[in-house]
Amino acid sequence: MHSKTPVNPETTKGVLYGLAAYTLWGSFPLYFALFEGIPAWEVLIHRVIWSCLFLAIVISLLTRWPAVIAALKQPKRLGFVLGCAVFIALNWGVYIYAVETRHVLQASLGYFLTPLVNVAMGLLILGERISRLQVVAVALAAVAILYQFVLLGELPWITLVLAFSFGTYGLLRKKVELDGLSGLFVETLLLLPLGLLTLAWLSSEGLSHFGGTSYSTLLLLSSGAVTAIPLLAFAGAARRLKLSTVGFLMYINPTIQFLIALFVFHEPLSTAKLVSFGMIWVALGIYSWSAWGQRGRS
């Protein structure tokens, strides 16, 4: 009889952390829908401010300050961090807008598209070699977006901005020698002065929702913890799992968003959109199959 290979408890923990992270990220539409009546850009400002504060507390608890201070002492490298900050802020802002305007289907398509955008960027910008199957997957994704544009007569800009902003963020992040948690803290720290100045202006003009009601104030305050907690879970998963496993878990996020858009927000799913989604899903299947094959050969 063959004895079963024991399951590594650290791997199990990693999967649970990964499931927690991607389930929380996937559930974000339910959270940001609570901000109804507060403009997306104002929610974004508070998300930056309170994320920065919450992450500072977490970094203190985890004693990660040496890495952060070392990064801040290298102004030349901070250019990449600032680039990351701009693209993650753009991603956050457009995502919040998508939820507020009930375009969560477009948002979910953006996150389904992101891995394929990463592959295309690797090929075009970094000169990475990719397999024929991955070329087919990227081409099919491009056809899916073109199909939606031709049939619906409108460019799915939310999808494209979310996919390309997150893809560019990932590209720049490769140049930053900081873990995800410390990196996001420095990114929000660089955006903090602009956030505080904008908040001061809103308050002076009587336009700020912060302090208006206890509900809106607590909601805005909570955005820091809501941003950081899934990131902490993701960090726990990334430390314990192979990159390929983390990559497959990633599809949980847009899948949950897709289901929320359909069954909670009752967003209409036209035949053209469904065909476009189907083509992206096939492209992801091809990409995943190719990635799995490469893993087997490595």
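Whatever comes next refers back to the structure up there.
In what follows, the accompanying structure is described. (Residues numbered from 1 in each chain as written. Predicted model: local features only at pLDDT ≥ 70, side-chain atom pairs only at ≥ 80, totals over all residues. Heavy atoms only, no water.)

### Quick look at helix α7 (residues 132-152)
Next, step 1: The end-to-end C-alpha distance of α7, which contains 21 residues, comes to 30 Å, matching closely the 30 Å that a straight helix rising 1.5 Å per residue would cover.
Next, step 2: Considered for burial, the residues of α7 that qualify are Gln134, Ala137, Ala141, Ala144, Ile145 and Gln148. The arc enclosing the buried residues of α7, seen along the axis, measures out at 85°, which places them on a common side. Turned more than 90 degrees off the buried face of α7, the exposed positions are Arg132, Leu146 and Val150.
Next, step 3: One or two positions beyond α7, positive phi appears at Gly153, with a value near 70°. (Helix = DSSP H or I, 4+ residues; strand = E, 2+ residues; numbered from the N terminus. Expected span 1.5 Å × (residues − 1). Buried < 20%, exposed > 50% of the residue type's maximum accessible area, 1.4 Å probe, protein only. Arc of directions from axis to C-beta.)

### Regarding helix α12 (residues 252-263)
Next, step 1: With twelve residues, α12 extends 16 Å between its outermost C-alpha atoms, agreeing within 8% with the 16 Å of an ideal straight helix rising 1.5 Å per residue.
Next, step 2: Burial in α12 covers these residues: Asn253, Pro254, Gln257, Phe258, Ile260 and Ala261. Projected onto a plane normal to the axis of α12, the buried residues spread over an arc of 165° and lie on a single side.

### Notes on the pattern of salt bridges
Next, step 1: A complete count under the given rule lists four salt bridges for this structure.
Next, step 2: In this structure, Arg240 engages Glu10 in a salt bridge whose closest nitrogen and oxygen atoms are separated by 2.8 Å. Of this pair, Arg240 sits in helix α10 (residues 214-240) while Glu10 sits in helix α1 (residues 9-26); the two residues are 230 residues apart in sequence, bridging distant segments of the chain.
Next, step 3: Ionic pairing is found between Arg173 and Glu187, a salt bridge with its closest N-O pair at 3.5 Å. Here Arg173 is found in helix α8 (residues 157-173), whereas its partner Glu187 is found in helix α9 (residues 180-204), with 14 residues between them in sequence. The exposure classification of Arg173 matches that of Glu187, with both residues buried. (Salt bridge = Lys/Arg side-chain N within 4 Å of Asp/Glu carboxyl O.)

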